[in-house]
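Read off the chains here:
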Amino acid sequence: MSDAQILDRGYRRFEGSRSGLSGAVRSVAWHTTRSILGLGRKARHKVFPIIVLVVSFVPAIVFMALTVLIGDLLEGDLRPEYWEMFGFSFAATIVFVALVAPEAIVRDRRDGMFALYMSTPLARPSYLLAKVLAVMATMALIVVGPPVLFLIGYTFQSLGPESVLDWISVMGRILLAGLAICTVYTAVSLGVSSLTDRRAFASIAVVFVLLGASISARLLVDQAGFSDTWRILDPINGTLEIAPRLFGDRGDEFGDISTWLVVLGSSAWTAFGAALLVGRYRKLAAV
Amino acid sequence: MSGVVPPSRAVQLAYGIVLRQLVTRARIAALLLVGAATAAIAVAVGASDDRRDPLETGVQLISSLHFTLLVPIIALVFATAALGDMREDGTLVYLWLRPMDRWPIVVGAWLASITLSLPLTIVPLVISSVAVDGGNNLVTATVLAGVVGVIAYSALFVLLGLMLKNSIVWGLGYVMIWEGLIAAFGSFAAKLAIRGYTRSILTSITDVDLDLGDLSLTVGVVVPVFVAAAALVLAGARLRAMDVD
Amino acid sequence: MADWAPPVARPPTPPAPDPNAIVVVANVTKSFGDVVAVSDVSFTVGPGVTALLGPNGAGKSTLFRVMCGLTAPTRGTVKVLGVDARIDRAVRGRIGLAPQQDALFDRLSAHRFVEVAARTHGVSDADAAARQVLDLVELDADDPKPVGAFSKGMRQRVKLAAALVHDPDLLILDEPLTGLDPVQRNRMIRLFHQLGDDGKCLLVSSHVLDEVARLGSRVLVIAQGRLAATGDYRDLRTLMDDRPHRIRVATDGARVLAAALVERDLVDGVSVSFDSLMVDTNDVDRFGRNIAAVAKQCGVRLREVEPTDDDLESVFRYLVERR
């Protein structure tokens, strides 16, 4: 009996199992994350994400180092709270936010990949879900990373929460605060980025909206004497205020504003961004 | 037959080509909207009865809203695109492979970008400084600082556009991270940021203190202009030496 | 008997001085990082049409860019009209380049685009020059439509017009016939010949053999960054002596004739079909002198004797595929 066999008959259909819609969403989310972080691409695509990551983590690392070296002298107000790590490198955060969302969705429209995705099991909602997951995951690196590192550092120095339950509680609050902050930034940046087909302009627009609204809100309150409530229009500081509230604390500037108003302000920004994004993609032709 | 194009004519030709490329309806409309928004904030602040000293309020507003955000970013949008867009889309060859020197091309591109940046920044600046009722000193200071800022930022970003892909992102990084974060860590670092000089012009003329704005008026004007000239010289050298697609 | 030595490939030599040369490329190598795009290429080009032939990625566009001075060679020198275009301002006014990339100033009309090209070349009456050259490439100078809305073929013609408007001595055209319909292609090829006859030096690149064959017989064949051959492609075929010529003979007595040719050692190989033979022979001249006599002796009639690999495609395949 001959054991000869033909191994290659050319093109054949794929007969294996298909991962379906969830697999498609996972795949797009992972590919987008890689693209944002420059993974699998030349070194120059990684430079900017690395710079931003470093700048974001520097305050946490510096404070941890100080704790190790002169921990005894850092008592009371000199020792930062966990939630304070969220706001230290907000400039780097804003630049990263302005970079990430355009990279995630503008490139697909420009290169024609969006049309290609729409010819797969992905529909607009599932496509956007994949993009939201990717943007939030990468944003979480620099938003949640520093406070988590800080918690771990404090724990190693025996300065962290006393019991395991307390530790889990603190970690949970850090993650929840990070989730809230990332949700607002993701919604606004994706929404604004959906309005233009050029990544550079999308980045500029994100900066103008986030930073412009933030500076304007502060000016109206600090300089023009508007009521403190107007601060909830600040998408940067208003969103960061969620972090101290989860720890039962209040930021200096938002002291007189109720937690519900803070949440309302952040929710309004999220809704604004989401409405822009969904509205734009509903009308977008897949060609 | 053609001949060598003299520098003055080359500047004129480059200016015309780049200006036409930079003027797009969407770009101008979006930046007009942003300028209008900043002016609206200033009007709201100026109309408020609860504000503090008008001059101090005005300086804070102009410094934080215009010189932190509007001026550098509008300059960034036009200046990086001036030659950067042509480099990236492959049309730079239509300016480069010509019987002309390189520096007039750079100068023409820079002039085109400030032709658009200046009105889009100075007009909202003037409206804002008038709206907050800070007096003539504030108006003078903002116009001078605005012109100096646009000249310096534009030259720097023309160079950036020639050197780097995704130059707008790098420019944003300079404005937000370097000027926003690092320069705040000391007066030496602030001397390496154009924002330090525009602030110094504001403080020198209005006598209102601003962080990291303690250089003299002369230094505040001369150094950015010198930086602009140096950036343009480097851009010319870069244009001469670079590979063109 | 002399010791046999394997044939040694001739190393590229710098071109001998040629007073009519418009472009002199001497030992040019261009690398981008670790990638060698052009490797030790030397040739001269004078007036007339010369085709630069090579597959995609062979280095044609890179070579053109080096010639125009758009990029500096890593090694070697390029002289256009005796000077380096990267340094000499004046010579850039004597070069017309139609690059491969599609990018144009999309918001300008064709006339405006070509007029700008004329002005930036220092042409005094740019409007008239633009109109004249647009007429030459059969585009309407009064069409207000921006070039961004043009078809591929129209954009090619705009590029060509912009390259011609200042009456350059050297025209470098990178795949200029891409996107043109057959009628336009014929017209452009006629235009190129006309320009060549007027004393201009045209370097036209293509990877389409049919186009190149119609452009003229002088070719530069480039493959994997190296210059594989230069000269008339028919002469190149004759030089390919390590490859037998293949000839088709149509006859009414194929088998009889085949046997006779083999017996007389006139062929190296033969394949027979119903009414024709395909023969391989290393001595085309001897075969050609004897085929008629052999046919007569065999009593068969010859209907056709046709070389099947005397064309550019065979030359190209030989030069490119053997690498």
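Definitions and limits used
- Residues numbered from 1 in each chain as written.
- Chains lettered and ligands numbered in written order.
- Predicted model: local features only at pLDDT ≥ 70, side-chain atom pairs only at ≥ 80, totals over all residues.
- Helix = DSSP H or I, 4+ residues; strand = E, 2+ residues; numbered from the N terminus.
- Buried ≥ 20, exposed ≤ 12 C-beta atoms within 10 Å, placed from the backbone.
- Contact = placed C-beta atoms within 7 Å.
- Nonpolar A, V, L, I, M, F, W, Y, C, P; charged D, E, K, R; others polar.
- Pairing = 2+ DSSP bridges.
- Axes fitted to C-alpha atoms, helices over the stretch in contact; angles between N-to-C directions.
- Core = buried A, V, L, I, M, F, W, Y, C linked by C-beta atoms within 7 Å.
- Expected span 1.5 Å × (residues − 1).
- Bend = angle between axes of the 7 residues up to and from the residue.
- Domains from an automatic or database assignment.
- Left-handed = near helix turned anticlockwise from the far one by under 90°.
- Parallel < 35°, antiparallel > 145°, perpendicular 65-115°, else oblique.
- pLDDT = per-residue confidence, 0-100.

Helices and strands together make up the secondary structure of chain A, namely eleven helices and zero strands. Starting at the N terminus, the α and β elements of chain A follow one another as α-α-α-α-α-α-α-α-α-α-α. When its C-alpha atoms are laid out on the principal axes, chain A stretches across 85 × 50 × 35 Å.

Looking only at helices and strands, chain C has eleven helices and 13 strands in total. Looking at chain C residue by residue over its 323 residues, the buried ones come to 41%. Considering only residue pairs separated by 6 or more positions, chain C has 67% of its internal contacts joining residues 24 or more positions apart.

Further remarks concern the interface of chain B and chain C. On the chain C side, the residues contacting the 23 residues of chain B number 24 residues. Broken down by secondary-structure element, the contributors of at least two residues to the side of chain B that touches chain C are helix 1 (7–22) and helix 4 (93–96) of chain B. Top contributing element to the side of chain B that touches chain C by residue count: helix 1 of chain B, with four residues. For the side of chain B that touches chain C, the residue count by class is twelve nonpolar, five polar and six charged.

Facing 26 residues of chain B, the contacting portion of chain A comprises 23 residues. For the side of chain B that touches chain A, the leading source of residues is helix 3 (residues 54–89) of chain B, giving nine residues. Here the residues of the side of chain B that touches chain A sort into 16 nonpolar, seven polar and three charged.

Another point: the sheet that holds strand 8 (residues 218–223) of chain C. All names here are of chain C. Taken in spatial order, the six strands line up as 5-6-7-3-8-9 in an open sheet, and their pairing is mixed. Whereas interior strands pair on both sides, the edge strands pair on one side only; in this sheet they are strand 5 (95–98) and strand 9 (226–232). On average, adjacent strands in this sheet sit at an angle of 15° to one another, irrespective of strand direction. Where strand 3 (residues 48–53) and strand 8 come together, three bridges link them in parallel fashion.

What follows deals with the nonpolar core. In this structure, A:I94, A:V95, B:A82, B:V158, C:V114 and C:V165 are the most contacted members of the largest nonpolar core, which totals 256 residues. Among the elements that line this core, the one with the most residues is helix 3 of chain B, at 19 residues. Once you skip the residues sitting within four places of it in the chain, B:V158 turns out to touch B:A79, B:A82, B:L83, B:V106, B:A109, B:W110, B:S113, B:A231 and B:A235. In terms of nonpolar packing, the next biggest core, distinct from the first, is built from eleven residues, C:L261, C:V267, C:L277 and C:I291 among them.

Residues and elements named next belong to chain A. Here helix 2 (residues 44–70) contains 27 residues, and its C-alpha end-to-end distance of 38 Å stays within 8% of the 39 Å for a straight helix at 1.5 Å per residue. Roughly 40° is the biggest bend found in helix 2, and it falls at V58, with proline P59 one to four residues downstream. Taken as a whole, helix 2 has its buried residues at P49, V52, V55, S56, F57, A60, F63, M64 and T67.

Residues and elements named next belong to chain C. The strand order across the open sheet formed by three strands is 2-1-4, and the pairing between neighbours is antiparallel. What marks the edges here is a single partner per strand, and that holds for strand 2 (35–45) and strand 4 (75–80). Strand-to-strand twist of the sheet, defined as the mean angle between neighbouring strand axes without regard to direction, takes the value 20°. Across seven bridges, strand 1 (residues 23–32) lies against strand 2 in antiparallel orientation. Bridge pairing in strand 2 links K30 to V38.

Attention now goes to unusual backbone geometry. Even without being a glycine, B:D207 presents a positive backbone phi close to 65°. Positionally, B:D207 belongs in the loop between helix 9 (194–206) and helix 10 (217–241). Look at B:D207 and you get exposed, because 12 C-beta atoms sit within 10 Å. Even without being a glycine, C:D167 presents a positive backbone phi close to 55°.

Here we come to the arrangement of the chains. Taken together, the two pairs of chains in contact show their highest number of contacts between chains A and B. Of all C-alpha pairs spanning chain A and chain C, none lies closer than 13 Å, and the two are not in contact.

A word on the domain arrangement of chain C. The domains assigned to chain C are domain 1 (23–238) and domain 2 (240–308). The distance between the C-alpha centroids of domain 1 of chain C and domain 2 of chain C comes to 44 Å.

Looking now at the environment of A:F150. In this structure, A:F150 sits in helix 6 (residues 145–156). Ignoring any residue separated from it by four or fewer positions in sequence, one finds A:F150 in contact with A:A60, A:F63, A:M64, A:Y82 and A:M85.

Residue and element names in this part refer to chain C. Where burial is concerned, the two faces of strand 12 (residues 276–281) differ: the one with L277, V279 and T281 is buried and the one with S276, M278 and D280 is not. Note that strand 10 (residues 245–251) and strand 12 share six bridges and pair antiparallel. The residue of strand 12 that forms the bridge with V249 is L277. Relative to strand 12, strand 11 (residues 269–273) runs antiparallel, the two being bridged by five bridges. Residue pairing for strand 12: V270 is matched across the bridge by V279.

We now examine the packing of helix 7 (residues 164–193) of chain A against helix 11 (residues 259–283) of chain A. All names here are of chain A. At a minimum axis distance of 7 Å, the contact between helix 7 and helix 11 shows a crossing angle of 35°. Two packed elements cross with a definite hand, and for helix 7 against helix 11 that hand is left-handed. Between helix 7 and helix 11, the residues in contact are A180, T183, V184, A187, V188, L190, G191 and V192 and S266, W269, T270, F272, G273, A274, L276 and L277, respectively. Here the residues of the contact of helix 7 with helix 11 are counted per class, giving eleven nonpolar, five polar and no charged.

It is worth spelling out the packing of helix 3 of chain B against helix 9 of chain B at this point. Angle between the axes and distance between the axes: these two values describe a pair of packed helices. Residue and element names in this part refer to chain B. Taken N-terminus to C-terminus, the directions of helix 3 and helix 9 make an angle of 165°; their axes are 11 Å apart at the nearest point. It follows from the interaxial angle that helix 3 and helix 9 lie roughly antiparallel. As helix 3 packs across helix 9, the resulting crossing turns out to be right-handed. In this structure, helix 3 uses L55, V59, I62, S63 and F67 to contact helix 9, whose residues at the interface are R195, T198, R199, L202 and T206.

What follows is about helix 9 of chain B. Residues and elements named next belong to chain B. Here helix 9 spans 19 Å end to end across 13 residues, near enough to the 18 Å set by a 1.5 Å rise per residue. With respect to burial, helix 9 is a largely interior element, 13 of its 13 residues being buried. Looking at the residues trailing helix 9, positive phi occurs at D207, about 65°.

All names here are of chain C. Chain-level pLDDT for chain C is 87 on average; 90% of the residues reach the 70-or-more range. Per-element mean pLDDT across chain C ranges from 68 in helix 8 (residues 233–239) up to 96 in helix 3 (residues 110–120). Throughout residues 1–9 the model reports pLDDT below 50, and contacts reaching past four residues in sequence, or to other chains, amount to zero contacts. Interface confidence in the predicted complex, given as ipTM, is 0.87; pTM for the same model is 0.84.

What follows concerns the environment of B:V59. Residue and element names in this part refer to chain B. Relative to the assigned elements, V59 resides in helix 3. Residue classification places V59 among the buried positions, given that 29 C-beta atoms sit within 10 Å. Once the C-alpha coordinates of V59 and E88 are considered, the two residues, 29 residues apart in sequence, prove to be 39 Å apart. Among all residues touching V59, those that are not within four sequence positions of it are G134, L138, L202, T206, V208 and L210.

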